[in-house]
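Below, each chain spelled out in residue letters.
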Amino acid sequence: MKRKHRGMRKDAAGAPAPAPAATAAAWPEWRYYALGAAAAVLALFWAYGPSMRGAFLFDDNVLPFSLPNASASLGDWVRDRRPVLMFTYWVNSQISGVESSYSYHILNVILHAVASGLIFFIVRRLLDWAQVEKARRDVLAALAALVFLLHPAQTEAVAYLAGRSEALSAMLAFAAFTVFLYRREKAATWTVAAAVLALFALALLAKEQTIALAGLLLLTDYWWNPGFSFQGVRANWRLYLPVGAAALAGVAWLWNTIMRSTTAGFAFKDFTWYQYFFTQCRALFVYAGMFLLPVNLTADWDFRVSRTILDRGALFGLLALVGLAAAAWHYRRRFPLASFGFFVYLVLMAPTSSILPIADTIAERRLYFGMPGLLLILVDAVSRLKVERKALAAACLMVALVAAAATHARARVWADAVALWEDTAAKSPGKWRAHFQLGSAYLDQGRCDLAVREYQKTAQLHAVGYDLLLDWGLAYACLKQPEEALAKLRLSAIMNPSAHVHTQIAKVYAEQSKWDEALAELATAEKIDPNDAVIYAYRGKVHMNTSQVLEAVKDYQRALAIDPNFEDARQDLSKAVTYLRSITRKK
């Protein structure tokens, strides 16, 4: 029996037949990267979609674009201690003023997207240095970038306009670090050093906490260049010489601050530096838990201060940190990336989570700058899993989708003041600020009975201040309860006799047609601050209601002379002039 010949197929003439043409040309690799990046950006904009046109919230309302001098020149804006940050707000104010928050949110999301892209390149280079399997490096770097991009804990830094300082400063610091990592020579040239220092300076001028980048550069050179040696540090003297000089200036400034402190040692008014340190020994683990399982995020954490090393488990936190640091050092050669990530986390969190007291002991936005350290630990752990590249990529995609859905839900909370503070008050019922802000949000929406309820809770949790009494009084006035309103407003005026509180007392009197009392309060307000346009606008209303039209016109004109953009006064002036003309015609 003859065997079949399995050689090359031939045509009728005996010549080899041509191979079948390829059905489609293979895509170049860069197209897959571009497609993945585009999909990630689309996911990002969908995740933050609910907050894109959200309200200006909390500290947004005390930023320059929300204040009367928002029309000031660029030079006035950048005189702030964070000129780079203020420049970005100025750009937004030129585009949309305070009429819409859309351009502000768009820029926040763009900055976050750039920072996430830089995370990809940072992690990709470190995976290369750690000699992780080459076929997995891109997938693992993409995992780190996607987690950073879509993690729900990032929402405060991205959806909250005042949180831009975190995203902008971190993005610039990551850019400096990327330039440092991708230098061609082990010893940085003058050009590389200049680029790194320029980006570092911009980061510092956006927010001061990025000073930790200096520690990150030193740690990186020691760890990887060439490996657990100061040889790389010495070789990069062009970079570290100016950084060292700046660090000395920073230390001098800090020491001067300590010496000028009005309390014993360096302290915040509510706690000392060492009490803050004890508290942060616990807080660092809360941030790590927030990274691993972001299920209880809130705008105002109820995280109490550890007054002593034995208070609230601070000792256990400190011992755990020391133990983890010892383990990371001991296993630095076996798990170089994870060990490096642990120390990166400590270095980047140090400015806000060490000995420099900050009023809020925990804030989610602080994790933004420190998250790369935790991402490196995650990537090291995932790289050791025995799974195929495609399965790993599919798992990364699932993680990204779940994270995007969680961030979308969290962005809904940050889109509205009532939603934000209801969520916060529910998760931190013992924080007076959450109830106070919720009351203010209710008051802005005219839900005055709910506002009164929240102000009562605030008074139970915290010492009553003039600002609480003022808003409490306005809520009672909204409910048409003038006696309760006047009682609160008068107490506020005693504690802080401002022009504003007297105008609000005058308004309550005017609503009862008590014109003489209203005018008396406005006269008091004028003595306190004669440049408050509201005084004259309110007085114009009183004069209109008492048929003193000429006086009302003068009042409205004076209000507009102080504030040309006072639309309510402009409309009232138009009505007064029209009324005056109608009377003149009749005569």
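These lines cover the structure that appears in this document, whether it is placed above or below.

What counts and what doesn't
Residues numbered from 1 in each chain as written. Predicted model: local features only at pLDDT ≥ 70, side-chain atom pairs only at ≥ 80, totals over all residues. Heavy atoms only, no water. Core = buried A, V, L, I, M, F, W, Y, C linked by side-chain atoms within 4.5 Å. Buried < 20%, exposed > 50% of the residue type's maximum accessible area, 1.4 Å probe, protein only. Contact = heavy atoms within 4.5 Å. 1 Å grid on protein atoms, 1.4 Å probe; cavity = no way out; pocket = protein on both sides within 12 Å on 5 of 7 lines; lining within 4 Å. Points joined across faces, edges and corners; volume = space filled by probe spheres on them. Helix = DSSP H or I, 4+ residues; strand = E, 2+ residues; numbered from the N terminus. Nonpolar A, V, L, I, M, F, W, Y, C, P; charged D, E, K, R; others polar. Expected span 1.5 Å × (residues − 1). Salt bridge = Lys/Arg side-chain N within 4 Å of Asp/Glu carboxyl O. Axes fitted to C-alpha atoms, helices over the stretch in contact; angles between N-to-C directions. Parallel < 35°, antiparallel > 145°, perpendicular 65-115°, else oblique. Left-handed = near helix turned anticlockwise from the far one by under 90°. Phe/Tyr/Trp six-rings, centres within 6.5 Å; stacked < 30°, edge-to-face > 60°. Patch = residues over 30% accessible without salt bridge, like charges linked within 9 Å, V, L, I, M, F, W, Y side chains within 5 Å. Areas by Shrake-Rupley, 256 points an atom, 1.4 Å probe, with all protein chains shown as cover.

In this structure, Tyr 48, Phe 174, Phe 340 and Leu 367 are the most contacted members of the largest nonpolar core, which totals 166 residues. For Phe 340, the residues in contact, after removing those within four places along its chain, are Leu 126, Leu 216, Leu 219, Thr 220, Trp 223, Trp 224 and Leu 376.

A few words now on empty space enclosed by the protein. If a probe as big as a water molecule is rolled over the atoms, it shows which places are left empty. Counted according to the given criterion, the structure contains one cavity of 30 Å³ or more. For the largest cavity, the calculated volume is near 100 Å³. Elements represented by at least two residues in the lining of the largest cavity include exactly helix 4 (102-129), helix 7 (164-181), helix 14 (336-349) and helix 15 (367-383). The residue makeup of the lining of the largest cavity, split by class, is 12 nonpolar, no polar and no charged.

Moving on to helix 18 (residues 432-444). An ideal rise of 1.5 Å per residue puts 18 Å on 13 residues; helix 18 measures up with 19 Å between its terminal C-alpha atoms. Among the 13 residues in helix 18, 11 count as buried, and that is most of the element. Buried within helix 18 we find Arg 433, Ala 434, His 435, Phe 436, Gln 437, Leu 438, Gly 439, Ser 440, Ala 441, Tyr 442 and Leu 443. In the core, the buried residues of helix 18 are packed alongside helix 17 (417-427), helix 19 (448-461) and helix 20 (466-478). Positive phi appears at Gly 446, one or two residues downstream of helix 18, with a value of about 80°.

Counting across every chain of the model gives 26 salt bridges. Taking the shortest distance from any N to any O, the salt bridge between Arg 81 and Glu 208 comes out at 2.8 Å. Of this pair, Arg 81 sits in the loop between helix 2 (74-77) and helix 3 (83-96) while Glu 208 is found in the loop between helix 8 (190-204) and helix 9 (213-224), placing the two residues 127 residues apart along the sequence. With relative accessibility at 58%, the residue Arg 81 sits in the exposed group. The partly exposed category is assigned to Glu 208, whose relative accessible area is 31%. Here Glu 526 ties to Arg 539 by a salt bridge, and the two come within 3.0 Å at their closest N and O atoms.

Let us now look at unusual backbone geometry. The omega torsion across Asn 225 and Pro 226 is 0°, close enough to zero to call that bond cis. Turning to its location among the elements, Pro 226 is positioned in the loop between helix 9 and helix 10 (231-235). The phi angle at Phe 228 is positive, at roughly 55°, despite the residue not being glycine. When you line up the elements, Phe 228 lands in the loop between helix 9 and helix 10. On the accessibility criterion, Phe 228 (17% relative accessible area) is buried. Despite not being glycine, Ser 513 shows a phi value in the positive range, around 65°.

Attention shifts here to the layout of surface pockets. Approximately 1100 Å³ is the volume attributed to the second largest pocket. Along the walls of the second largest pocket sit 31 residues, with Tyr 33, Gly 36, Ala 37, Ala 142 and Leu 146 positioned nearest its centre. Contributing elements (two or more residues each) for the lining of the second largest pocket: helix 1 (29-47), helix 4, helix 5 (134-150) and helix 16 (389-413). It is helix 1 that contributes the most residues to the lining of the second largest pocket, 11 residues altogether. Broken down by class, the residue content of the lining of the second largest pocket amounts to 25 nonpolar, three polar and three charged.

Here we take up the packing of helix 23 (residues 515-528) against helix 24 (residues 533-545). Viewed as axis vectors pointing N to C, helix 23 and helix 24 meet at an angle of 160°, and their least axial separation amounts to 10 Å. As far as their axial angle goes, helix 24 and helix 23 are roughly antiparallel. As for the relative orientation of helix 23 and helix 24, their crossing is left-handed in sense. On helix 24, the residues touching Trp 515, Ala 518, Leu 519, Leu 522, Ala 525 and Glu 526 of helix 23 are Ile 535, Tyr 536, Tyr 538, Arg 539, Val 542, His 543 and Asn 545. Looking at the contact of helix 23 with helix 24 residue by residue, the classes come out as nine nonpolar, two polar and two charged.

On inspection of all chains with the given rule, the structure shows 31 aromatic pairs. Arranged with centres 5.9 Å apart and planes meeting at 15°, the rings of Phe 271 and Tyr 276 form a pair that is stacked. The burial state of Phe 271 is the same as that of Tyr 276; both residues are buried. Judged by centre distance (5.6 Å) and plane angle (70°), the ring pair of Phe 342 and Phe 343 falls under edge-to-face. Every member of this aromatic cluster is reached through a ring pair, and the members are Trp 129, Tyr 222, Trp 223, Trp 224, Phe 228, Phe 230, Trp 329, Phe 340, Phe 342 and Phe 343.

This part covers a nonpolar patch on the surface. A contiguous nonpolar surface patch, about 280 Å² in accessible area, is contributed by Val 41, Phe 45, Ile 110 and Val 114. Only helix 1 and helix 4 provide two or more residues apiece to the nonpolar patch. Note on Val 114: relative accessible area 39%, which makes it partly exposed.

Once that is clear, we can look at the environment of Phe 566. Tracing the backbone shows Phe 566 in the loop between helix 25 (549-562) and helix 26 (567-586). For Phe 566, a relative accessible area of 16% gives the class buried. Once the C-alpha coordinates of Phe 566 and Ala 537 are considered, the two residues, 29 residues apart in sequence, prove to be 9.0 Å apart. Look past the residues within four positions of Phe 566 in its chain and what remains in contact with it is Ala 533, Val 534, Ala 537 and Leu 560.

Note that all results are geometric; they support no functional claim without further evidence.
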